[in-house]
Amino acid sequence: MFIRPVFADADAGYNDSEFVIFGAPFDGTSCFRPGARLAPAAMRAASYNFETYSSEHDVDLCEVPFCDLGDIEVSTNVDETLALVRLAVEKIVRDNKVPIMMGGEHALTYPCIQAFDDVGVMVLDAHLDQRDEYGGSKQSHACVSRRILEECRVENYVSIGVRSGAKEEYDFARQNRVRFYTSEQVQSKGIDMVVQEALDYLGTDRIYLSIDIDVIDPAYAPAAGTPEPFGMSPSDVRFVIKNIASRAVGFDMVEIAPNYDHGQTALLGAKLIREFIAAKKRGE
Ligand code: MN
Ligand code: MN
C-alpha cells in the first residue's frame, strides 16, 4: 500500500472540492538561490504539524471539501511549464473551484492570472518584479508583475510590501501609475488602512492573491529565493489573507526555497495556505 503525499486534510474528491491545491515544482529562472521546486513537498510535509481546527475562524478543515492534485509535471523549459500551469488552472476555474498553487517560483503566477477572464490582482512581494526582461527572458520571476500588468489593466493591479527594485522598475511603475505600497507604508499607515485602500482601489469582488514569501521579513521567512530585509510580519500577511479571502478567486504561495532554513519558512507557507482556506470558508 502506497500513500500519496498530499496536503494535510485535502482528502475530498476533485468533484466535491471547493478548493484545489496543486504543486508546481519549477525554479528554472531563479537567479540567486534556487530551490523553490522543493517547496510543494516541504509545505505538504509541514502541513501535518497543524490542528485541523482553526480557532481564529471557527472552521474545521476536516469539514471543508478540498483536494490536492499533486504536482504538475513541469518541463525544464519555462514557456512549456507556464503553458501547463495555465491549462491546469483554466480547468479548475471552469469547474468553479478555487485554485491554490504551491510554487515554485513567482513566474508561475502569470499563467494562473491568464486563466481568469476578469480579475483584480493583489501581489504581496518585497520586489516590484516589473522588469521587462531579466537574464534574457521575459518570463523570469523578476518580470512577473510586468507580464501581469500587460494582461490586466493597471487599475486592476496592486502590490504590497515592496522595498526593492531596479531604478527602471520604479520609473516604469511611476510612469504607468502602478499602485504599490511599501513595507514602510504598511508600518506607518497600518496594514488595516493599506488593505482598505487597496480594496477600494481595485473595486472588485474577484481578487487573485499572490504571496511571494520574500514579502515577509527574512527573520521570519529566511528560506526565500531572494530574501530582502525590512519586511512585513507574518501577522500582517495573515491579516491580508483574512480580509481578502471572501473575495479571493485564486491564491498562490511562491518562492520558498526550503533548503535555506530549518523548516520554519515552509511551515509558515503551509500555515498561510490553511489560513486562506479557513478564512475563505468562514467568509462564504
Ligand atoms: Mn516575486
Ligand atoms: Mn520577491
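Residues numbered from 1 in each chain as written. Chains lettered and ligands numbered in written order. Predicted model: local features only at pLDDT ≥ 70, side-chain atom pairs only at ≥ 80, totals over all residues. Heavy atoms only, no water.

## Here's the deal with the coordination of the manganese ion (ligand 2)
Listed as protein donors to the manganese ion (ligand 2) are Asp-125 (OD), His-127 (ND1), Asp-212 (OD), Asp-214 (OD) and Asp-214 (OD); their distances from the metal cover 2.1 to 2.5 Å. Taken in sequence order, the residues that donate to the manganese ion (ligand 2) follow the motif D-x1-H-x84-D-x1-D. Judged by its relative accessible area of 15%, His-127 falls in the buried class. Take Asp-212: its relative accessible area is 2%, and that puts it in the buried class. (Donors = N, O, S within 2.8 Å, 3.2 Å for Na, K, Ca; no water. Buried < 20%, exposed > 50% of the residue type's maximum accessible area, 1.4 Å probe, protein only.)

## Concerning the sheet that holds strand β5 (residues 98–103)
Strand order in the open sheet made by the 8 strands is β4-β1-β5-β10-β9-β6-β7-β8, with parallel pairing throughout. The open sheet terminates on both sides in strands that have one partner only, identified here as β4 (66–71) and β8 (179–182). Strand-to-strand twist in this sheet, taken as the mean axis angle between neighbours without regard to direction, amounts to 15 degrees. Bridge count between strand β6 (residues 120–124) and strand β9 (residues 207–212): 5 bridges; the pairing is parallel. (Pairing = 2+ DSSP bridges. Helix = DSSP H or I, 4+ residues; strand = E, 2+ residues; numbered from the N terminus. Axes fitted to C-alpha atoms, helices over the stretch in contact; angles between N-to-C directions.)

## Regarding the environment of Leu-268
Note that Leu-268 resides in helix α9 (residues 264–283). Separated by 84 residues in sequence, Leu-268 and Glu-184 place their C-alpha atoms 22 Å apart. The residues contacting Leu-268, other than those within four sequence positions of it, are Ile-216, Tyr-220, Ala-221 and Pro-234. (Contact = heavy atoms within 4.5 Å.)

## A short note on the coordination of the manganese ion (ligand 1)
Donor atoms from the polypeptide that coordinate the manganese ion (ligand 1) comprise His-106 (ND1), Asp-125 (OD), Asp-129 (OD) and Asp-212 (OD), at 2.1 to 2.2 Å from the metal. In the primary structure, the donors to the manganese ion (ligand 1) are separated according to the pattern H-x18-D-x3-D-x82-D. Separating the manganese ion (ligand 1) from the manganese ion (ligand 2) is a gap of 3.2 Å, which Asp-125 spans by donating to each of them. You can see Asp-125 sitting in the loop between β6 and α4 (144–151) and its partner Asp-212 sitting in strand β9, a full 87 residues away along the chain. Judged by its relative accessible area of 0%, Asp-125 falls in the buried class.

## Regarding α9
Relative to the 28 Å expected for 20 residues at 1.5 Å per residue, α9 spans 28 Å between its end C-alpha atoms, a close match to the ideal helical length. Judged by how many residues are buried, α9 sits mostly within the fold: 14 of 20 residues are covered. (Expected span 1.5 Å × (residues − 1).)

## Topic: the layout of surface pockets
Space inside the largest pocket adds up to approximately 210 Å³. Around the largest pocket sit 16 residues that line it, and His-127, Asp-129, Arg-131, His-141 and Ala-142 are the ones nearest its centre. (1 Å grid on protein atoms, 1.4 Å probe; cavity = no way out; pocket = protein on both sides within 12 Å on 5 of 7 lines; lining within 4 Å. Points joined across faces, edges and corners; volume = space filled by probe spheres on them.)

## With respect to empty space enclosed by the protein
Taken as a whole, this structure holds 1 cavity of 30 Å³ or more when the rule is applied. One number sums up the size of the largest cavity: a volume of about 60 Å³. Forming the walls of the largest cavity are Phe-50, Glu-51, Thr-52, Tyr-53, Ser-54, Leu-61, Lys-271, Arg-274 and Glu-275. Mapped by element, the contributors of at least two residues to the lining of the largest cavity are β2 (53–54) and α9. In terms of residue count, α9 provides more of the lining of the largest cavity than any other element does, 3 residues in total. For the lining of the largest cavity, the class distribution of residues is 3 nonpolar, 2 polar and 4 charged. (Nonpolar A, V, L, I, M, F, W, Y, C, P; charged D, E, K, R; others polar.)

Treat this as a map of the structure, not an account of what it does.
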